[in-house]
Amino acid sequence: QKEVEQNSGPLSVPEGAIASLNCTYSDRGSQSFFWYRQYSGKSPELIMSIYSNGDKEDGRFTAQLNKASQYVSLLIRDSQPSDSATYLCAVNQGSGGFKTIFGAGTRLFVKA
Amino acid sequence: DTEVTQTPKHLVMGMTNKKSLKCEQHMGHRAMYWYKQKAKKPPELMFVYSYEKLSINESVPSRFSPECPNSSLLNLHLHALQPEDSALYLCASSQDPASGSTDTQYFGPGTRLTVL
């Protein structure tokens, strides 16, 4: 069974701190990795995508990918209460196609 | 513009009813998806259409019937559902399935379905 695993949390950080969210995946052939943010009762919203090893920064968000260790992470700098949500890690399996596997999500609380 | 629209926002139906969910995108995307999401769980893939042809059916019960009338529209026809089918139904689209694994999916707002 090809899996994507995340710590379900909740992860609680104070406002202004760095939130670190982690994800591991089992399929070594995976090639694309995505972070979605989902507020309660809403649909997932794309935050970041990453395809190559290393870091990718977009504003307060940094995605990190290490294919050798099969993990991907998301750092949120200067966390705000509005960042409180569930963060879903998604992995597109490399065997040609459209199947994206989602992790169970990590709930993040940013305390004001 | 990365907008995917879904109607209705909410739907309550009995187990003997027939209803349909609708999804629309005007971004020129050639792949469209249906997901089912239960509370506190990740989205589960149900169906994928690529270039208006059904590419993936994740062993979904026949009481769910997808339809892709054209490249912008995706329907999900519902018949004889069970209470356990109550969930958030999400539609997504992506630009070019031929691009393989780098294709990014964008989600619509979802339809909250309750089966009584």
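It should be emphasised that the depicted structure is a prediction, and the values quoted were computed from it without experimental measurement.

Chemist: Mind laying out the side chain of S94 of chain B, listing which residues take part and the relevant values?
Modeler: You can see S94 of chain B is positioned in strand 9 (residues 87-94). Of the polar contacts made by the side chain of S94 of chain B, one reaches the side chain of Y33 of chain B; its length is 2.7 Å.

Chemist: I'd like a description of the packing of aromatic side chains, backed by residues and values.
Modeler: Within the structure shown, the criterion is met by ten aromatic pairs over all chains. Relative to Y51 of chain A, the ring of F34 of chain A lies with its centre 6.2 Å away and its plane at 80°, an arrangement referred to as edge-to-face. On the criterion of sequence distance, the pair formed by F34 of chain A in strand 4 (residues 32-38) and Y51 of chain A in the loop between strand 5 (45-50) and strand 6 (54-58) is long-range, its members being 17 residues apart. Of the residues examined, F34 of chain A reaches a relative accessible area of 2% and is grouped as buried. Plain terms: the ring middles of Y36 of chain A and F107 of chain B are 5.4 Å apart, the flat faces sit at 85° to each other, and that makes the pair edge-to-face. Taken as a pair, Y36 of chain A in strand 4 and F107 of chain B in strand 10 (residues 105-107) lie in two separate chains rather than in one. Residue Y36 of chain A shares its accessibility class with F107 of chain B, and that shared class is buried. Through a chain of ring-to-ring contacts, three or more aromatic side chains come together here, namely F34, Y36, Y51 and F102 of chain A together with Y33, Y35 and F107 of chain B.

Chemist: Go over the nonpolar core, please, and point to the residues and values.
Modeler: Core analysis: the biggest nonpolar cluster contains 24 residues, and W35, V72, L74, I76 and Y87 of chain A have the highest contact counts within it. At the level of secondary structure, the elements contributing two or more residues to this core comprise strand 3 (19-25), strand 4, strand 5, strand 7 (61-66), strand 8 (71-76), strand 9 (85-92) and strand 11 (106-111) of chain A. Grouped together as the second largest cluster of nonpolar side chains are 23 residues, M13, C23, L76 and L78 of chain B included.

Chemist: So, empty space enclosed by the protein: which residues are in play, and what are the values?
Modeler: Unoccupied space between atoms shows up once a probe the size of one water molecule is rolled over them. Summed over all chains, the structure comprises two cavities of 30 Å³ or more. Lining the second largest cavity are F34, Y36, T100 and F102 of chain A together with D103 and Q105 of chain B. Of all the secondary-structure elements, those providing two or more residues to the lining of the second largest cavity are strand 4 and strand 10 (100-102) of chain A. Here the residues of the lining of the second largest cavity sort into three nonpolar, two polar and one charged.

The rules behind these values
- Residues numbered from 1 in each chain as written.
- Chains lettered and ligands numbered in written order.
- Predicted model: local features only at pLDDT ≥ 70, side-chain atom pairs only at ≥ 80, totals over all residues.
- Heavy atoms only, no water.
- Helix = DSSP H or I, 4+ residues; strand = E, 2+ residues; numbered from the N terminus.
- Polar contact = N/O pair within 3.5 Å; in protein donor to acceptor, adjacent residues only side chain to side chain.
- Phe/Tyr/Trp six-rings, centres within 6.5 Å; stacked < 30°, edge-to-face > 60°.
- Buried < 20%, exposed > 50% of the residue type's maximum accessible area, 1.4 Å probe, protein only.
- Core = buried A, V, L, I, M, F, W, Y, C linked by side-chain atoms within 4.5 Å.
- 1 Å grid on protein atoms, 1.4 Å probe; cavity = no way out; pocket = protein on both sides within 12 Å on 5 of 7 lines; lining within 4 Å.
- Points joined across faces, edges and corners; volume = space filled by probe spheres on them.
- Nonpolar A, V, L, I, M, F, W, Y, C, P; charged D, E, K, R; others polar.

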